[in-house]
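Listed below are the residues making up each chain.
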Amino acid sequence: MPMLSRRGFLAATVASSAGLILPARVRAASPRLSLAATSRTIEVQGRAAKVWGLTNGQGGPGLVLDPGQDFAVDLTNDLDQATIIHWHGQIPPNAQDGVPDMPMPLLQPGETRAYDFAARPGTHWMHSHIPAQEMALLAAPLIVRRPEDVTADRQEVVLFLHDFSFKPPEEVLAEITSGAAMAGMDHSAMDHGTMDHGTMDMGSMDMGAMGMGMGMGGMAMDLNDYNFDAYLANDRTLDDPEIVSVEKGGRVLVRVINAAAATVFWIDSGSLPGQLVAVDGEPVTPLPGSRFGIAMGQRLDIALDLPAEGGAFPILALREGAREQTGLILATAGADIPRLPGLAEAAHPAFSGDLSQETALRAVVPLPDRAATTQHMLMLSGSMMPYHWRINDRSWGDHIPVTARTGERVEIMFHNMSMMAHPMHLHGHAFQVVDTGRGRFAGALRDTVLVPPMGMVTVALDAGEVASWMLHCHHIPHLATGMMTEFVVQA
């Protein structure tokens with residue numbers, strides 16, 4: 001999914017998937033954008049698969065907005081069942097947030113609904129807020145470019161990740177939540193050896209806190225609870241990867257979006273040195289490395305420099321604790337394209353038990369420094385058998401909302417008492433990571449933070465619009481079994 005760039009436009013247009021390219025002059029001629037929730041057919045490992053998707057007016061996936069362009073979108077439901085779309089990473093008026101009956105009802109088949117709000121810049125995405133529909137790939141990138149993206153002498157590429165099953169999503173959810181999926185898991189493939197961070201600069205990180213396959217409390221953690229049939233990068237697997245044409249000696253910004261239901265990945269740029277320059281759409285002080293972790297719902301912007309001699313450069317997404325991998329290939333003209341296996345020789349290391357990357361991140365523009373007037377601790381708990389996940393020992397429907405008053409500084413400590421990591425996502429707000437158990441710091445601004453097993457993460461935010469906002473785990477089977485609550489902002 002390469003995107004419009006100043007110097008790489010010609011190369012980008014000949015890449016194998018150009019659905020996100022939409023010249024500014026075309027957008028300017030139409031003040032409103034159209035988006036359709038629809039069914040589509042893709043090919044996965046040589047088999048046709050019917051999935052869902054969000055397509056723009058040109059038939060491509062997702063939306064790209066220019067700097068300063070409002071989110072003015074007409075969403076049409078072309079499916080045969082009701083749906084609703086959440087604009088993940090955006091901060092719309094609460095009525096447009098895209099959660100069933102909070103407060104808007106589902107969008108019925110054939111219905112069109114208008115959305116209008118100021119777009120928040122960065123790498124974001126959009127997806128159904130109905131678990132089975134999201135697992136059916138009813139999702140797409142949502143990129144809002146900054147002025148510096150337009151003037152930068154670099155090419156932009158989107159890497160959109162999914163886990164995929166040929167089975168209906170409802171059947172997959174039933175297998176996971178019944179515990180039947182665990183019986184078929186290959187636990188021998190879980191690597192419990194030494195953490196391998198590639199070439200990430202770990203100089204300031206506490207290596208002693210990183211146990212491979214271990215939670216923060218030193219006990220073995222559960223990394224994966226379902227073996228999907230395939231892991232997709234821009235709807236493709238490594239037996240037929242997307243080849244993106246790039247320039248020798250050029251610069252590339254890879255916008256990575258983890259839209260998977262239940263899979264944490266490493267993003268590995270191999271021989272290309274990289275810098276992590278933004279997370280969840282918000283700039284961070286550049287963090288050098290060639291391997292970075294990303295949980296469900298999170299986004300990474302990784303800047304890469306290509307060598308003057310050119311070549312072919314795989315950008316891989318490695319499933320943590322397992323051998324599966326997916327990705328795309330950046331290639332200069334005439335380069336030999338390597339054939340890459342979908343399975344590595346050995347299991348990839350774990351990321352979920354480690355907070356070193358999170359602790360190393362620093363926001364370019366942190367929240368204004370002021371004391372919190374409201375503090376909450378949320379206990380995250382649950383188990384694989386029975387498959388039940390809770391916040392403060394309560395499930396959705398029996399939950400007690402987290403409350404705050406609009407405009408006040410709020411801190412939330414997520415305390416994970418389970419043996420699985422939880423990517424916690426808050427609607428309608430951006431928060432700042434301020435503590436990972438090693439002392440206070442001005443960490444990254446995010447909307448989704450991964451809380452390791454037996455670990456704690458504290459975030460700070462300024463309470464926004466008076467309304468009820470969802471706060472939930474973005475591991476979709478966890479969400480489906482009740483790991484949700486509300487963040488209720490009062491006047």
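One can find the structure itself at the top, above this paragraph.
The following paragraphs examine the structure supplied in this document.

As a further point, take the nonpolar core. With 72 residues, the main nonpolar core has Leu159, Val256, Ile267, Leu300, Leu330, Phe414 and Phe487 as its most contacted residues. No other element matches strand β30 (residues 467-473), which puts 4 residues into this core. Those residues in contact with Val256, other than ones at most four positions away along the chain, are Thr123, Leu159, Leu161, Ile267, Ile294, Gln298, Arg299, Leu300 and Ile302. Leu33, Leu35, Ile85 and Trp87 belong to the second-largest nonpolar core, a separate cluster that totals 23 residues.

A few words now on the sheet that holds strand β22 (residues 388-391). The strands making up a sheet associate through hydrogen bonds between their backbones, and the pairing can be parallel or antiparallel. As summarised here, the arrangement of the 6 strands in space is β22-β21-β24-β29-β26-β27, forming an open sheet in which the pairing is mixed. Pairing within the sheet leaves two strands with one partner each, and these edge strands are β22 and β27 (445-446). The pairing of strand β21 (residues 374-383) with β22 spans 4 bridges and is classified as antiparallel. For Ser383, the partnering residue across the bridge sits in β22 and is His388.

Right, let's talk about the sheet that holds strand β3 (residues 47-56) for a bit. The strand order across the open sheet formed by 4 strands is β3-β2-β5-β7, and the pairing between neighbours is mixed. Each having just a single partner strand, β3 and β7 (112-117) make up the two edges of the open sheet. Each strand axis lies, on average, 30 degrees off the axis of its neighbour in the sheet, ignoring direction.

Across the junction of Met102 and Pro103, the peptide omega takes the value -5 degrees, indicating a cis bond. As for its position among the elements, Pro103 is in the loop between β6 (85-88) and β7. Here Met385 and Pro386 are connected by a cis peptide whose omega angle stands at -5 degrees. Inspection of the secondary structure puts Pro386 in the loop between β21 and β22. The backbone of Leu137 shows a phi angle near 75 degrees, a positive value even though the residue is not glycine. Despite not being glycine, Met454 shows a phi value in the positive range, around 55 degrees. By the element assignment, Met454 lies in the loop between β28 (448-451) and β29 (456-462). Met454 sits in the partly exposed class, given a relative accessible area of 25%.

Thresholds applied
What you see as residue numbers is a count from 1 along each chain, following the sequence as written. At least 70 in pLDDT is required for a residue's local features to be given in this predicted model, at least 80 for side-chain atom pairs to be given and counted, and no such filter applies to totals for whole chains, interfaces and linings, which use all residues. As a rule here, side-chain values cover all heavy atoms of the structure and leave hydrogens and water aside. Definition of nonpolar core: a set of buried residues of the types Ala, Val, Leu, Ile, Met, Phe, Trp, Tyr and Cys, connected through side-chain atoms within 4.5 Å. The cut-offs for exposure are 20% and 50% of the maximum accessible area for each residue type, with area from a 1.4 Å probe on protein chains only; residues under the lower value are buried, those over the upper are exposed, and the others partly exposed. Secondary structure counts use DSSP, requiring at least four H or I residues in a row for a helix and at least two E residues in a row for a strand, with both numbered from the N terminus. We call two residues in contact when some of their heavy atoms are within 4.5 Å. Strand pairing follows a simple DSSP-based rule, namely that at least 2 bridges must link the two strands. A fitted line through C-alpha atoms represents every axis, and for helices the fit uses only the stretch in contact; the resulting angles, taken between N-to-C directions, go from 0 to 180 degrees.

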